[in-house]
Amino acid sequence: MSMPDAMPLPGVGEELKQAKEIEDAEKYSFMATVTKAPKKQIQFADDMQEFTKFPTKTGRRSLSRSISQSSTDSYSSAASYTDSSDDEVSPREKQQTNSKGSSNFCVKNIKQAEFGRREIEIAEQDMSALISLRKRAQGEKPLAGAKIVGCTHITAQTAVLIETLCALGAQCRWSACNIYSTQNEVAAALAEAGVAVFAWKGESEDDFWWCIDRCVNMDGWQANMILDDGGDLTHWVYKKYPNVFKKIRGIVEESVTGVHRLYQLSKAGKLCVPAMNVNDSVTKQKFDNLYCCRESILDGLKRTTDVMFGGKQVVVCGYGEVGKGCCAALKALGAIVYITEIDPICALQACMDGFRVVKLNEVIRQVDVVITCTGNKNVVTREHLDRMKNSCIVCNMGHSNTEIDVSTVLSSFQTSLRTPELTWERVRSQVDHVIWPDGKRVVLLAEGRLLNLSCSTVPTFVLSITATTQALALIELYNAPEGRYKQDVYLLPKKMDEYVASLHLPSFDAHLTELTDDQAKYLGLNKNGPFKPNYYRY
C-alpha cells in the first residue's frame with residue numbers, strides 16, 4: 001500500500017516555489033560569470049610585489065603595519081586603538097603635548113595614553129611585591145634628589161617600575177633598549193603622567209641613539225643614576241658625556257651583555273663609578289632568565305610561526321639559565337633538542353639533563369629551528385645560514401642582536417644576510433623570509449633581536465621580581481655612605497636578594513619555617529638571614 005504524498009500546508013507551497021526560482025536564478029548567474037570570465041594565470045608575484053622587497057629604514061614601520069595589525073604590534077589588542085595614518089610620520093617630526101601642556105617626550109601617539117594606563121593597571125595586579133615596596137617606602141622618599149636616566153624595555157611592567165621610582169622621589173628620563181619591544185600605548189601613558197620618555201616601537205638605528213641622547217642631554221638637568229639593560233646607555237654616556245659619567249653615583253645593569261661591558265671597563269681601570277650587577281643576582285638569574293624564558297620562548301615562536309614542536313629538531317646555542325629555560329620548554333613539547341656550549345660545566349649539565357651536546361656545524365643541515373642565547377657575537381654566521389635547510393627558523397633569545405650574523409661588514413665586503421643576492425620578504429610583523437637564489441627560505445624572527453620581548457610578552461610576575469631587585473639596587477647605591485662602594489662592579493647583597501624573594505611569597509600563600517635559636521646557633525646563622533653564603537650556588 002503506497003503512502004499518499006504529504007499535503008502541503010496552506011501558503012507554504014507557493015513560498016517553496018518562489019525560493020526554488022531564486023536559487024535557480026542565482027546558480028545560473030554564477031555559472032554564467034564563471035564561463036564568461038577570461039582565463040587568467042594567478043600572479044602571486046605581481047600581486048604581492050611589495051612584500052618581496054625588504055623595507056628600507058624609512059618605510060619599514062608603515063610596511064610592517066600594513067602587513068599585520070596583529071597583537072604583536074603591542075602585545076595586546078592595542079593595535080586596534082592605533083591610528084594607522086600616523087605611521088607615515090616619524091614621532092620625531094610630530095608636535096605633541098600631554099594634557100598638562102608638556103612636550104618633554106617623544107612617543108608614537110600621546111592619544112593612546114588612556115589605553116596604556118589600563119595596561120599598566122593590569123600589570124600592577126600581578127606585581128604586588130613592587131607595589132608593596134612602593135607603599136612601604138613612599139613616605140620616606142629614599143630616592144629624593146635622584147635623577148635617574150634609564151634605558152630598558154618599555155612595557156606595562158617596566159612602567160610600574162618607573163612610576164615606583166618616581167613615587168620614591170626620583171626624577172626619571174627614559175628610552176628603550178630595543179627598537180621593537182616598546183608598547184606604544186604604555187609609552188604614551190608614561191608621557192601623560194609626566195615622565196620624559198623617548199621611545200616607540202619600530203625605531204630605526206638612528207632613532208634609537210637619538211632617543212638615548214635626548215634622555216641624557218637636557219639643559220638644566222643632569223643624571224646622577226643610571227638604570228641600564230644592555231649597556232648601550234652606559235656606553236653612550238661614557239663616550240659622549242664623560243663629565244656626566246664621572247658624576248654618576250651608581251649604575252644598575254640587568255643584562256649579561258651590559259654586565260660584560262661593565263667588567264671590561266673595570267678591568268681596564270676606566271670605570272669611575274660603582275655599579276651593581278643585577279643580572280647575576282639569584283632573583284634575576286633563576287627567575288627572569290630561567291623561569292621567564294621557559295614560558296616566553298614558546299609564546300614568541302608560536303605567535304610568529306604557528307609551528308608545532310612535536311618531533312622538530314631544535315639546536316639551542318648556550319646552556320646558561322636562558323638556555324636551560326628554553327630547552328626545558330621545547331623538550332616538554334616533544335622537540336628533539338641539541339645544545340652547543342663552550343663551557344664544560346654547562347655542557348655536562350646539558351648531558352645530565354638528557355640533551356646531546358654538539359657543534360653547530362654537525363647538525364646545521366638537519367635542524368628545523370636554531371635559537372641563540374649566549375650573549376656572544378657571530379654565533380650563527382653566514383656560512384651556517386647557507387647550509388640550513390629550507391624553512392629553518394632562526395631566532396635569538398639573548399639581549400643583543402649580534403648573535404646572528406644579520407649585518408656584519410668585514411673589510412670591504414659583506415658576509416651577512418644584507419647582500420644583493422638574497423631577497424628579503426616581510427610576511428608578517430617581525431617575521432622575514434630570507435630567500436636564496438635557489439629558492440631556499442630561512443625564517444628570521446625580529447631581525448635577530450630579542451625574540452620574546454620583540455614578538456610576544458613575558459610573564460608579569462617574573463618581571464615584578466626583576467623590577468623589585470632593580471629598585472632596591474638603586475636605593476642601595478644612591479643612599480650608601482661614601483666609601484662603601486668603590487669604582488667597581490658589585491653583586492646585589494644576599495640579604496637584599498632574600499628580601500625580594502620574601503616579598504613575592506605571599507602570592508603563593510607560602511609560609512616560611514623559622515629557625516629556633518638553637519638551630520640558628522648550630523648553623524652559625526642569624527635567624528633573619530642571610531641564610532646562604534655568597535659562594536652558594538642555588
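Residues numbered from 1 in each chain as written. Predicted model: local features only at pLDDT ≥ 70, side-chain atom pairs only at ≥ 80, totals over all residues. Heavy atoms only, no water.

For the pairing of strand β1 (residues 147-152), give the residues involved together with the corresponding values.
Within β1, five of the six residues are buried, which leaves the element mostly enclosed by the surrounding structure. Relative to strand β2 (residues 171-176), β1 is paired through six bridges, and the arrangement is parallel. The residue of β2 that forms the bridge with K147 is Q171. With helix α6 (residues 156-167) bridging β1 and the parallel β2, this β-α-β connection has right-handed handedness. Summarising the sheet, β1 and strand β4 (residues 225-228) pair through four bridges and their orientation is parallel. Looking across to β4, one finds that I148 is bridged to M225. (Buried < 20%, exposed > 50% of the residue type's maximum accessible area, 1.4 Å probe, protein only. Helix = DSSP H or I, 4+ residues; strand = E, 2+ residues; numbered from the N terminus. Pairing = 2+ DSSP bridges. Right-handed = clockwise from strand over helix to strand, strands pointing away.)

I'd like a rundown of helix α12 (residues 282-305), residues and numbers included.
Look at α12: 33 Å from first C-alpha to last across 24 residues, which is about the 34 Å you get at 1.5 Å a residue. If you look at α12, its biggest bend is around 50°, right at C293. Directly after α12, the chain includes D306, whose backbone phi takes a positive value near 60°. (Expected span 1.5 Å × (residues − 1). Bend = angle between axes of the 7 residues up to and from the residue.)

Kindly report on the nonpolar core, identifying the contributing residues and their values.
Grouped together as the largest cluster of nonpolar side chains are 55 residues, with contacts concentrated most on L143, I148, I154, L165, W174 and V197. Excluding residues that lie within four positions of it along the chain, L143 makes contacts with I148, L165, L168, G169, A170, L474, I475 and Y478. Of all hydrophobic cores here, the second largest spans 32 residues; its members include L330, A335, V337 and C346. (Core = buried A, V, L, I, M, F, W, Y, C linked by side-chain atoms within 4.5 Å. Contact = heavy atoms within 4.5 Å.)

A description of the pattern of salt bridges should follow, citing residues and the corresponding values.
Side chains that carry opposite charge are capable of pairing whenever their charged atoms lie near each other. As enumerated under the stated definition, the model contains 19 salt bridges in all. Residue K286 is joined to E321 by a salt bridge in which the shortest nitrogen-to-oxygen separation is 3.4 Å. Remark: E321 occurs in helix α13 (residues 321-332) and K286 occurs in helix α12; sequence separation between them is 35 residues. A relative accessible area of 21% means that K286 is categorised as partly exposed. Its relative accessible area of 17% is what places E321 among the buried residues. (Salt bridge = Lys/Arg side-chain N within 4 Å of Asp/Glu carboxyl O.)

I'd like to hear about the sheet that holds strand β10 (residues 369-372), residue by residue, with values.
The strand order β9-β8-β7-β10-β11-β16-β15-β14 describes an open sheet built from eight strands, whose pairing is mixed. In the strand order of this sheet, the two ends are held by β9 (356-357) and β14 (423-428), each with one partner.

Break down the state of the cysteines for me, citing the residues and quoting the values.
Tallying each qualifying case throughout the model produces zero disulfides. Of all cysteine sulfurs in the structure, the one in C373 sits closest to C326, which takes part in no disulfide; the separation is 5.0 Å. (Disulfide = S-S within 2.5 Å.)

Which residues make up the packing of helix α4 (residues 113-125) against helix α7 (residues 184-192), and what are the values?
Two elements in contact, α4 and α7, have axes separated by 7 Å at closest approach and are oriented at 100°. In terms of orientation, α4 lies roughly perpendicular with respect to α7. On α7, the residues touching A113, F115, G116, R117, E119 and I120 of α4 are E185, V186, A188, A189 and E192. The residue inventory of the contact of α4 with α7, partitioned by class, reads six nonpolar, one polar and four charged. (Axes fitted to C-alpha atoms, helices over the stretch in contact; angles between N-to-C directions. Parallel < 35°, antiparallel > 145°, perpendicular 65-115°, else oblique. Nonpolar A, V, L, I, M, F, W, Y, C, P; charged D, E, K, R; others polar.)

If you had to explain the sheet that holds β2 to someone new, which residues and values would you point to?
In spatial order, the strands read β3-β2-β1-β4-β5-β6-β17; together these seven strands make up an open sheet with parallel pairing. For this open sheet the edge positions go to β3 (196-198) and β17 (489-491), each flanked by a neighbour on one side alone. Here the strands of the sheet are splayed against their neighbours by 20° on average, with no regard to which way each runs. Across three bridges, β2 lies against β3 in parallel orientation. Each residue of the ladder has a partner; that of S175, found in β3, is F198. Contacting β1, β2 and β4, α6 runs over the sheet at an angle of about 160° to β2. Running over the sheet, helix α11 (residues 256-267) touches β5 (250-253), β6 (275-277) and β17 and is turned about 140° from β5.

I'd like a description of α13, backed by residues and values.
Along its twelve residues, α13 runs 17 Å from first to last C-alpha, staying within 8% of the 16 Å computed at 1.5 Å per residue. Taken across its twelve residues, α13 has nine buried, putting it largely inside the fold. Along α13, the residues classified as buried are E321, V322, G323, K324, G325, C326, C327, A329 and L330. Elements in contact with the buried residues of α13: α12, β7 (313-317), β8 (336-340), α14 (344-352) and β10.

Give me the lowdown on the side chain of T283, citing residues and values where you can.
Relative to the helices and strands, T283 resides in helix α12. Looking at T283, its side chain comes within polar contact range of the side chain of T469, at 3.1 Å. Setting aside residues up to four positions removed in sequence, T283 forms contacts with D288, I465, T469, D497, V500 and A501. (Polar contact = N/O pair within 3.5 Å; in protein donor to acceptor, adjacent residues only side chain to side chain.)

Would you mind going over unusual backbone geometry in detail, with residue names and values included?
At the junction of G529 and P530, the peptide bond is cis and its omega measures out at 0° in the coordinates. Following the sequence through the fold, P530 ends up in the segment after α20 (517-523). Its identity as a non-glycine residue notwithstanding, S391 has a phi of 70°, on the positive side. Looking at the secondary structure, you find S391 in the loop between α16 (382-387) and β11 (392-396). Given a relative accessible area of 42%, S391 falls into the partly exposed group. Positive phi values are uncommon outside glycine, yet E447 reaches one of about 55°. Note on E447: relative accessible area 7%, which makes it buried.

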